[in-house]
Amino acid sequence: MTPETPKVLLVDSYDSFTFNLAALVQRSIPNCSIHIVKNDQFTIDQLLPHLRSFSAIIVGPGPGSPDKAHDIGFVKDLWKVADEYVVPIFGVCLGLQSLCVEYGGQIKRLNVVKHGQISRVSHTGTDIFAEVKDVFAVRYHSLHVKVDVDGDILPLAWTDDGEENGLHRPFWAVQYHPESVRTDGGGLEVFQNFWRLAVQWTSQKNRQPKPDGAILRKMFGKAWPDLDLPRHLEHHLNRARTLSTHTFHLPDINVVAMCELFGVEDENSSFALLDSAAQGRFSILACLSPDSLHISHSVNESHLSLRKAGTTTQVDLKGTDVWTWISAFMRGQKALGGSPDIPFWGGLVGMLTYEIGVDGLQIPVPARPNAAHHPDINLVFVERSVVVDVMTKNVTVQSLLPNDEEWIMETGRKLAGATVPAAYPPPARPLSVVTPKKEKYISRVNECKEYLFSGDSYELCLTGQTHITTPSGSSWNRYKTLRSNNPAPHSAYMRLSPTTFLSSSPERFLSFSRPPGSLCQLRPIKGTVRKGPGVTREIAEELLAGSVKEVAENLMIVDLIRHDLHGVVGEDVQVTKFCVVEEYETVYQLVSVIEGRLSESSSPDRSSESQLGWEVLRKSLPPGSMTGAPKKRSVEILQTLEDGERMIYSGVFGYWCVSGGGDWAVTIRSCFKYDEEPAEYRDDKFDKWTIGAGGAITALSDPEAEWEEMNTKLSSVLRSFVGA
Ligand SMILES: C=C(O[C@@H]1C=C(C(=O)O)C=C[C@H]1O)C(=O)O
Ligand SMILES: NC(=O)CC[C@H](N)C(=O)O
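Residues numbered from 1 in each chain as written. Chains lettered and ligands numbered in written order. Predicted model: local features only at pLDDT ≥ 70, side-chain atom pairs only at ≥ 80, totals over all residues. Heavy atoms only, no water.

Points about the overall build of the protein
Heads up, the rule is: Labels follow the DSSP assignment, with helices taken as runs of H or I lasting at least four residues and strands as runs of E lasting at least two, numbered in each case from the N terminus. Computation of the radius of gyration draws on C-alpha atoms, with the globule rule given as 2.2 Å multiplied by the number of residues to the power 0.38. The contact criterion used is simple: two residues touch if any of their non-hydrogen atoms lie within 4.5 Å. What sets the accessible areas is the Shrake-Rupley method with a 1.4 Å probe; for residues, cover comes only from the shown protein chains. In summary, the charge assignment counts Lys and Arg as positive and Asp and Glu as negative, without counting His or the chain termini. The location of each charge is read from NZ of Lys, CZ of Arg, CG of Asp or CD of Glu.
When helices and strands are tallied, the protein shows 19 helices and 35 strands. In terms of C-alpha radius of gyration, the protein reaches 27 Å, essentially the compact-globule figure of 27 Å for 724 residues. Oriented by its inertia axes, the alpha-carbon framework of the protein measures out at about 85 × 55 × 50 Å. Relative to all contacts within the protein whose residues are 6 or more apart in sequence, the contacts with residues 24 or more apart total 77%. Approximately 28100 Å² of the protein is accessible, and the part contributed by carbon and sulfur atoms is 50%. The average position of the 72 basic charges and that of the 88 acidic charges among the side chains of the protein differ by 2 Å.

Here's the deal with the packing of aromatic side chains
The condition that has to hold: Note on aromatic pairs: the rings of Phe, Tyr and Trp (six-membered ring only in Trp) are paired at centre separations within 6.5 Å, and the planes decide the class, stacked below 30 degrees, edge-to-face beyond 60, tilted for the rest. Burial status follows relative accessibility: with a 1.4 Å probe on protein chains alone, a residue under 20% of its type maximum counts as buried, one over 50% as exposed, and anything between as partly exposed. Look at NZ for Lys and CZ for Arg. If either is within 6 Å of the ring centre and within 35 degrees of the ring normal, a charge sits over the ring.
One pass over the full model with this rule turns up 25 aromatic pairs. Ring geometry for Phe271 and Trp476: centres 6.5 Å apart, planes at 55 degrees, overall tilted. In this pair, Phe271 is assigned in strand S12 (residues 271-275) and Trp476 in helix H14 (residues 475-485), connecting sequence segments 205 residues apart. Given a relative accessible area of 0%, Trp476 falls into the buried group. Between Trp614 and Trp656, the ring centres sit 4.9 Å apart and the planes meet at 15 degrees, which makes this aromatic pair stacked. A residue pair is termed long-range when its members are at least 10 positions apart, and Trp614 in helix H17 (residues 612-620) and Trp656 in strand S32 (residues 652-657) qualify at 42 residues. Accessibility assignment for this pair places Trp614 and Trp656 in one class, buried. Its guanidinium or amino end placed over the ring of Tyr14, Lys38 lies 4.8 Å from that ring's centre, counting from NZ or CZ. Looking at Lys80, its charged tip hangs above the ring of Tyr103, at a distance of 5.0 Å from the centre.

Re the nonpolar core
For the record, the criterion: Here, nonpolar core refers to any group of buried Ala, Val, Leu, Ile, Met, Phe, Trp, Tyr and Cys residues whose side-chain atoms link them within 4.5 Å. The domain limits used here are those given by an automatic or database domain assignment.
In terms of nonpolar packing, the biggest core is built from 145 residues, with Leu352 and Leu617 touching the most fellow members. Ranked by residues supplied to this core, first place goes to helix H16 (residues 548-569) with nine residues. Taken together, domain 1 (7-220) and domain 2 (235-722) each give at least three residues to this core, which thus spans both. When neighbours within four sequence positions are excluded, Leu352 is seen to be in contact with Trp323, Asp376, Ile377, Leu379, Leu617, Leu621, Ile648, Gly651, Val652 and Trp664. Formed by 32 residues, the second largest nonpolar core is a distinct cluster that contains Ile72, Trp79, Cys100 and Trp201.

Describing the site of ligand 2
Going by this rule: Whether a residue is near a molecule or strand depends on its heavy atoms: it is near if one of them lies within 4 Å of it. What qualifies as a polar contact is a pair of N or O atoms within 3.5 Å, subject to a donor-acceptor requirement within protein and to the restriction that residues adjacent in sequence count only when both atoms come from side chains. Put simply, Ala, Val, Leu, Ile, Met, Phe, Trp, Tyr, Cys and Pro go in the nonpolar bin, Asp, Glu, Lys and Arg in the charged bin, and everything else, Gly too, in the polar bin.
Around ligand 2 sit 14 residues in total, of which Gly62, Gly64, Cys93, Leu143 and His177 are the nearest. At a separation of 2.9 Å, an oxygen atom of ligand 2 approaches a polar backbone atom of Gly62. Summarising the interface, the protein chains cover 100% of the accessible area of ligand 2, which totals 300 Å² for the free molecule. Residues that form the shell around ligand 2 fall into these classes: seven nonpolar, seven polar and no charged.

Considering the domain arrangement of the protein
Using the following cut-off: The buried area of a pairing is the accessible area, by a 1.4 Å probe, that goes missing from both parts when the two are put together, added over both. A pair is scored as a salt bridge if a Lys or Arg side-chain nitrogen falls within 4 Å of a carboxyl oxygen belonging to Asp or Glu.
Domain boundaries in the protein define domain 1 (7-220) and domain 2 (235-722). If you average the C-alpha positions of domain 1 and of domain 2, the two centres end up 38 Å apart. At the interface, 28 residues of domain 1 touch 29 residues of domain 2. Across the domain 1/domain 2 interface, buried area totals approximately 2500 Å², and carbon plus sulfur atoms make up 58% of it. Where Asp71 meets Arg633, a salt bridge forms, and the shortest distance between an N and an O atom there is 2.8 Å. Our enumeration of links across domain 1 and domain 2 arrives at 17 residue pairs in polar contact (both at pLDDT 80 or more). Sorting the residues of the side of domain 1 that touches domain 2 by element identifies helix H1 (18-28) and helix H3 (69-72) as the ones contributing at least two each. Here the side of domain 1 that touches domain 2 takes six residues from H1, the largest share from any one element.

Some remarks on the side chain of Lys526
Looking at where Lys526 falls in the secondary structure, it is placed in strand S28 (residues 525-530). Summary of buried charges: Lys526 has no salt-bridge partner, and the nearest side chain of opposite charge, Glu459, is 4.8 Å away. The contacts of Lys526, once residues within four sequence positions are left out, are Glu459, Cys461, Glu550, Glu553, Asn554, Ile557, Leu590, Ser625 and Ala696.

A few points about the environment of Asp83
Considering the arrangement of structural elements, one finds Asp83 in the loop between helix H4 (75-78) and strand S4 (89-92). Apart from the residues lying within four places of it in its own chain, the contact partners of Asp83 are Arg169 and Arg207.

Describing the pattern of salt bridges
According to the stated counting rule, one finds 34 salt bridges in the structure shown. Linking Arg523 and Glu582 is a salt bridge whose minimum nitrogen-to-oxygen distance equals 2.9 Å. Note that Arg523 is positioned in the loop between strand S27 (520-522) and S28 and Glu582 in strand S29 (residues 573-583), a separation of 59 residues in sequence. Take Arg523 and Glu582: they sit in the same class, and that class is buried.

Focus on the site of ligand 1
Around ligand 1 lies a shell of 18 residues, among which Glu507, Gly527, Thr528, Tyr649 and Arg669 are the nearest. For ligand 1, an oxygen atom lies 2.7 Å from a polar atom in the side chain of Thr528. A distance of 3.0 Å separates an oxygen atom of ligand 1 from a polar backbone atom of Gly694. Relative to its free-state accessible area of 390 Å², ligand 1 is covered by the protein chains to the extent of 100%. Among the secondary structure elements, those contributing two or more residues to the shell around ligand 1 are S28, strand S35 (686-697) and helix H19 (703-722). In terms of residue class, the shell around ligand 1 is made up of seven nonpolar, five polar and six charged.

Let's talk about helix H10 (residues 322-331)
Within H10, ten of the ten residues are buried, which leaves it mostly tucked inside the rest of the structure. Three or more residues of H10 are buried, namely Val322, Trp323, Thr324, Trp325, Ile326, Ser327, Ala328, Phe329, Met330 and Arg331. Capping the start of H10, Asp321 holds a side-chain oxygen 3.0 Å from the backbone nitrogen of Trp323, two or three residues further along.

What about the sheet that holds strand S9 (residues 171-174)?
Filter applied, for reference: Note: two strands are recorded as paired if DSSP finds a minimum of 2 bridges between them. Note on geometry: axes are C-alpha line fits, over the in-contact stretch for helices, and angles between N-to-C directions span 0 to 180 degrees.
As summarised here, the arrangement of the five strands in space is S2-S1-S3-S4-S9, forming an open sheet in which the pairing is parallel. Each end of this open sheet is capped by a strand with a single partner; those strands are strand S2 (33-38) and S9. On average, adjacent strands in this sheet sit at an angle of 20 degrees to one another, irrespective of strand direction. As defined by bridge partners, strand S3 (residues 56-59) adjoins S4 across three bridges and the pair is classed as parallel.

As for the confidence of the model for the protein
Defined as follows: Each residue gets a pLDDT score, which is the predictor's confidence in that residue and runs from 0 to 100.
Overall, the prediction assigns the protein a mean pLDDT of 92, with 93% of residues at 70 or greater. Of the regions scoring below 50 in pLDDT, residues 148-167 engages in 46 contacts with residues more than four places distant in sequence or in other chains. Among the prediction metrics, the complex's ipTM stands at 0.99, with pTM recorded as 0.95.

Some words on the side chain of Asn378
Among the secondary structure elements, Asn378 is positioned in strand S19 (residues 377-382). Look at Asn378 and you get buried, because its relative accessible area is 2%. Only 3.2 Å separates the side chain of Asn378 from the side chain of Thr499, close enough to count as a polar contact. Residue contacts for Asn378: discarding those within four places in its chain leaves Ile295, Val349, Gly350, Met351, Leu496, Ser497, Pro498 and Thr499.

Focus: the packing of helix H13 (residues 438-453) against helix H18 (residues 631-641)
Heads up, the rule is: Here is the rule for angles: anything less than 35 degrees is roughly parallel, anything more than 145 is roughly antiparallel, 65 through 115 is roughly perpendicular, and the remaining ranges are oblique. Here is the rule for handedness: rotate from the far helix to the near one, and if that takes an anticlockwise turn smaller than a right angle the crossing is left-handed, while a clockwise turn gives right-handed.
Look at H13 against H18: their axes get within 11 Å of each other, and the N-to-C directions meet at 150 degrees. Here H13 is positioned roughly antiparallel relative to H18, judged by the angle of their axes. For H13 against H18, the interelement crossing comes out right-handed. Residues Arg444, Glu447, Cys448 and Tyr451 of H13 form the contact with H18, whose participating residues are Ile637, Thr640 and Leu641.

As structure tokens, this is what we get:
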């Protein structure tokens, strides 16, 4: 007999698809509750007394090899427990390999690795494949266990391992990924069969699991998904603020001229523009003053810095973390009264580095001597703003400050004159440009491929940095050049001391609509073709959407991002667009869209829903498209291959609105500089800019082509320094 709410233990081997598996298990096993543990969280001895509380164990995929203790953790011991502890187990990929290795199988490297590619699976139609029709399965493995294979047929172990060993144990496993969004026919169907067989085995053996909820919670934590959003530091709660707003129709408004009207040319002031220079709908200008609150923090610090009116105070985080602090701060800034059609009413605007995401993965970030000068979180709280609808030319002026109507009307009148940007001299040419070296880059691509062949990663986003020294000059003029050379939906100009940042990014990372019913949308780009003579849209479609390599590259990140989103919102995650070709100024790109929201059935405290987007952001950094998969292992590998930190590049920038909505872009096709470099470089006469560029390396990568691709991306920004 099946227990009322079966408990399932899901073992995570540090993969980036584990929550996808959890969502599949949830759909396959009615009313189950799933506890997720890392494969090194316990020893088998610690686990043994609790195993029989579970109705089933799912052993997930992961990087590395089943015969390496560091990669496989306690999983290897699960298969050999004494009879009385046996529980039905389903293994996926690394899980299958471990099962086979423990029963004498030999682990080998595949000759041809097919990460993110689909294979047709032949099966007997019995056992976990009973009633299953055609199976098209996504594969993510470099290793395999010796199984007789016929030509193109995927090696597949689905039998009760007991048959081979005479142990009659209820263990099943597949080498492919049943939870991938592109696996067809071998996901839900196979898991439902597994559950049916598991229930049968349990009742034949008369082994009704008797879980003790309290003990399980204590040992394994809350069941997935844990939908409780942070509600700490309640003392920040205030009454909602009221937004004052007025919309002016200004048919001749020019965003660049508007910034100039607001004093952008004064390089000593803070400034922030989120600019839909192409394709986007809204451009957002933060109207900052010396009183605006700047929030900054560096990883490895136990405080954050608040800067306002020329004074900096340090806030001791007292054991909480910076994300939670900011979350609580924003709960206190809640505002009402803005227009539902305007995405931003005021709130936090700024940048987060790649390293803040690395830190979130619990990977050490080396200490920096000049941490305060390279903040990982650099945000400003915007109380006055102008939002230009670039389609309708409606310009909304808004303020969170009390009694600010006069400023709003006065600003509206002034903006009517913001029609012609100032003429400007071409920005000074660089004194030096140091780009990545071809030989080194290519040898790193090959090193990446070795990690892909050894099973440590499925995809690695390798990047390099270009350092440019120019005579010091107007960063705004530099932005104007970039904006006209490479207009992009996520263009931006930000001067939040010590960081100056110019963007022409095409890639949205995460947007979240304002609650209730907050919808989170991620739009990873993976797959790039340079525009050039003869490269029509049709040809680009063929080269991208028609390419096994490019689609696989994109799919791997889609699956990774589904996992990130499932990790926070639970079951309700959909891929609403898969591998669509989009056109930008210098490149065509392959884009997918993944959306998720809190499930209808879940009943979290909805008053916390305004924190949902921030929580997704926190749990999903660094952006999967900039790391590869599985994320943690890939980031660790990249740390050993690249020269130092990525900093602003590969992080995100954008806003979190006081209404609970937000929009964050991936920091690519951009450049940045810091006010103060380490003393040995400091010199007021020069500006030192950095541009990052890279691309995803897969088993199918051609090193020369990867070098070209990195250069295509680099030149979309570099040509604003050195000319076309
Ligand atoms: C790494 C960069 O871009 C990333 C890699 C892409 C790719 O490999 O096709 C595409 C978009 C970005 O996610 C970059 O622009 O520097
Ligand atoms: N997806 C997986 O579990 C991969 C398993 C193993 N690391 C391999 O590459 O074969």
